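Residues per chain, in single letters:
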Amino acid sequence: MKIAKDGIVNIFYMALITGAFAFISWIPAAIMLALTLIVVWFFRDPERKTEYKDGYFYSPADGKVVEISNCTHNFTGNSIKVGIFMNIFSVHVNRAPCTGRVDYLEYIPGKKLAAFAPKASEINERNFIGFSTQWGAVMITQIAGLVARRIVCRLKRGDILEAGERCGMIKLGSRVDLYLPRDTVIKIKIGDNVKAGLTCIGVIEN
């Protein structure tokens, strides 16, 4: 099982503490071992192959669709927003929804409301990643949740990503919003479970 590099330090310290407890008592060592295995599971990063199809937009995150609405942002203009809630059992590696160039990055500190709440998109700690694509502006927003403590994004303006390519992660429960062009035909509904780089969220139909 591949582990996200952003979790290696966390796993190392958990394993170190487990080893230290092993010299004291087996009970706390067993508890720490169980917690370490949970952390390893949380930072799993499975290999996925995104099938490129012209005009297709894929989910940027694993989780459940909790919002589909029309909205406006200064990078995307009029767009359709799809909110995806990631619980602590979801794979938390985020992926590019389509092929494009990173032309917009903005980090905004904020609160940590429950990530499934619609207002989380407006007041929680969040990070915007905007892509210029042949279909127009597309954007994802990484949103910290009630438990999440760190948003990870190492992209810079000018980076070119392929559909399904890794673009960051959010540690622990969180949410990712996807902004699509207004003429996108949405292929999912609220309540659907989606997978990053695999589930088609919408299509630009010619």
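If you're wondering where the values come from, they're calculated on a predicted model, not measured in any experiment.

Asks: Help me out: how do you make sense of the packing of helix α1 (residues 8-22) against helix α2 (residues 26-42) in this one?
Replies: Packed helix pairs are characterised by how far apart their axes lie and by the angle those axes make with each other. Relative orientation of the contacting elements α1 and α2 amounts to 165 degrees, with a least axis distance of 8 Å. When the axis of α1 is compared with that of α2, the two are roughly antiparallel. Considering only the axes of α1 and α2, their crossing is left-handed. Within the contact between the two elements, α1 uses N10, I11, M14, A15, I17, T18, F21 and A22 and α2 uses P28, A29, M32, L33, L35, T36, V39 and V40. Partitioned by chemical class, the residues of the contact of α1 with α2 number 13 nonpolar, three polar and no charged.

Asks: Looking at this structure, I do not really get the side chain of N127. What am I missing?
Replies: Positionally, N127 belongs in strand β6 (residues 126-133). Sequence-distant contacts of N127, defined by excluding residues within four places in its chain, comprise E106, Y107, I140, T141, Q142, I151 and C153.

Asks: I tried to follow the side chain of T133 on my own but got confused; where do I start?
Replies: In this structure, T133 sits in strand β6. On the basis of relative accessible area, T133 is assigned to the buried category, the value being 15%. Polar contacts involving the side chain of T133 include one to the main-chain carbonyl oxygen of G136, which spans 2.6 Å. Residues contacting T133, with those up to four places away along its chain left out, are C98, T99, G100 and V138.

Asks: Explain the packing of aromatic side chains to me, please; I cannot follow it from the model alone.
Replies: Aromatic ring pairs are defined here through the distance separating the ring centres and the angle between the ring planes. Enumeration over the complete set of coordinates arrives at four aromatic pairs. Centre to centre, the rings of Y56 and Y58 are 6.4 Å apart; their planes meet at 35 degrees, and the pair counts as tilted. Take Y56: its relative accessible area is 26%, and that puts it in the partly exposed class. Among the residues examined, Y58 registers a relative accessible area of 5% and is labelled buried.

Asks: I tried to follow the sheet that holds strand β4 (residues 93-95) on my own but got confused; where do I start?
Replies: By definition, the strands of a sheet pair up through backbone hydrogen bonds, in either a parallel or an antiparallel sense. Across the sheet, which stays open at both edges, the three strands sit in the order β4-β10-β8 with antiparallel pairing between neighbours. One side of each edge strand has no neighbouring strand; the edge strands of this open sheet are β4 and β8 (150-152). Within this sheet the neighbouring strands show an average axis-to-axis angle of 20 degrees, counted without direction. Inspection of the sheet shows β8 paired to strand β10 (residues 166-171) by three bridges, in the antiparallel sense. Each residue of the ladder has a partner; that of I151, found in β10, is I170.

What counts, and at which threshold
- Residues numbered from 1 in each chain as written.
- Predicted model: local features only at pLDDT ≥ 70, side-chain atom pairs only at ≥ 80, totals over all residues.
- Heavy atoms only, no water.
- Axes fitted to C-alpha atoms, helices over the stretch in contact; angles between N-to-C directions.
- Helix = DSSP H or I, 4+ residues; strand = E, 2+ residues; numbered from the N terminus.
- Parallel < 35°, antiparallel > 145°, perpendicular 65-115°, else oblique.
- Left-handed = near helix turned anticlockwise from the far one by under 90°.
- Contact = heavy atoms within 4.5 Å.
- Nonpolar A, V, L, I, M, F, W, Y, C, P; charged D, E, K, R; others polar.
- Buried < 20%, exposed > 50% of the residue type's maximum accessible area, 1.4 Å probe, protein only.
- Polar contact = N/O pair within 3.5 Å; in protein donor to acceptor, adjacent residues only side chain to side chain.
- Phe/Tyr/Trp six-rings, centres within 6.5 Å; stacked < 30°, edge-to-face > 60°.
- Pairing = 2+ DSSP bridges.

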